[in-house]
Amino acid sequence: MADGTSRIATDGTTILAADVFSGLHTADADSRDLLAFRPVPNIALDAEADGGAVYVAHGTYGVVALQRAAGLNGEMLSFVGSAHGPTWNYTSDLAQSATHLYAADGYGGVQVVDKATLQTTTTLLASATDPVR
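Counting from 1, residues in each chain are numbered in the order their sequence is written. Under the rules for a predicted model, residues below a pLDDT of 70 receive no local features and side-chain atom pairs below 80 are neither given nor counted, while totals for whole chains, interfaces and linings still include all residues. Only hydrogens and water are set aside; all other atoms, that is, all heavy atoms of the structure, feed into the side-chain values.

Here four strands make up an open sheet; going across it, the order is β9-β10-β11-β12 and the pairing antiparallel. Looking at which strands have only one partner, the edges of the open sheet turn out to be β9 (93-96) and β12 (120-124). The average undirected angle you get between the axes of adjacent strands in this sheet is 20 degrees. What makes two strands pair is DSSP finding at least two bridges between them. Where helices and strands are cited, they refer to DSSP runs of H or I of at least four residues and of E of at least two residues respectively, numbered from the N terminus. Fitted lines through C-alpha atoms give the axes, limited to the stretch in contact for helices. The angle between two N-to-C directions lies from 0 to 180 degrees.

Following this line, the structure appears as structure tokens:
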């Protein structure tokens, strides 16, 4: 499936695998069948799911938002948008609440992103000497 898996997450019976080299893979936990793949190359590091949306922490591009939908051969993952800005550094981890994503972003700190708009609302713990990972 993925030869550079950095993190896995679950969404019901679906496994999400962030692959450093290629992107996001989704698979059925029971059958172990691959459901979908979306290239998000060079450096997909973490993933979080929220209903029909999947968010990928990407080293270079910040947070990449994908929409999940049923397809003829499994599911489709469509690009929705991304959250990134000039103060962002290297996004490595994600966490979420009902309305926001929290992206650990190295020296850029923790970027707080509104899920509805994909806009950065605030930055926490930014430091020129102590990265957040």
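The salt bridge criterion pairs a side-chain nitrogen of Lys or Arg with a carboxyl oxygen of Asp or Glu, the two atoms within 4 Å. According to the stated counting rule, one finds five salt bridges in the structure shown. With a shortest N-O distance of 2.5 Å, Arg68 and Asp11 are connected by a salt bridge. Linking Arg68 in strand β7 (residues 62-71) with Asp11 in strand β1 (residues 5-11), this pair joins segments that are 57 residues apart in sequence. Owing to a relative accessible area of 14%, Arg68 belongs among the buried residues under this scheme. A cluster of three or more residues bridged by salt bridges with shared partners is formed by Arg7, Asp46 and Asp93. For the exposure calls, accessible area comes from a 1.4 Å probe over protein chains only, and a residue counts as buried if that area is under 20% of its type's maximum, exposed if over 50%, partly exposed in between.

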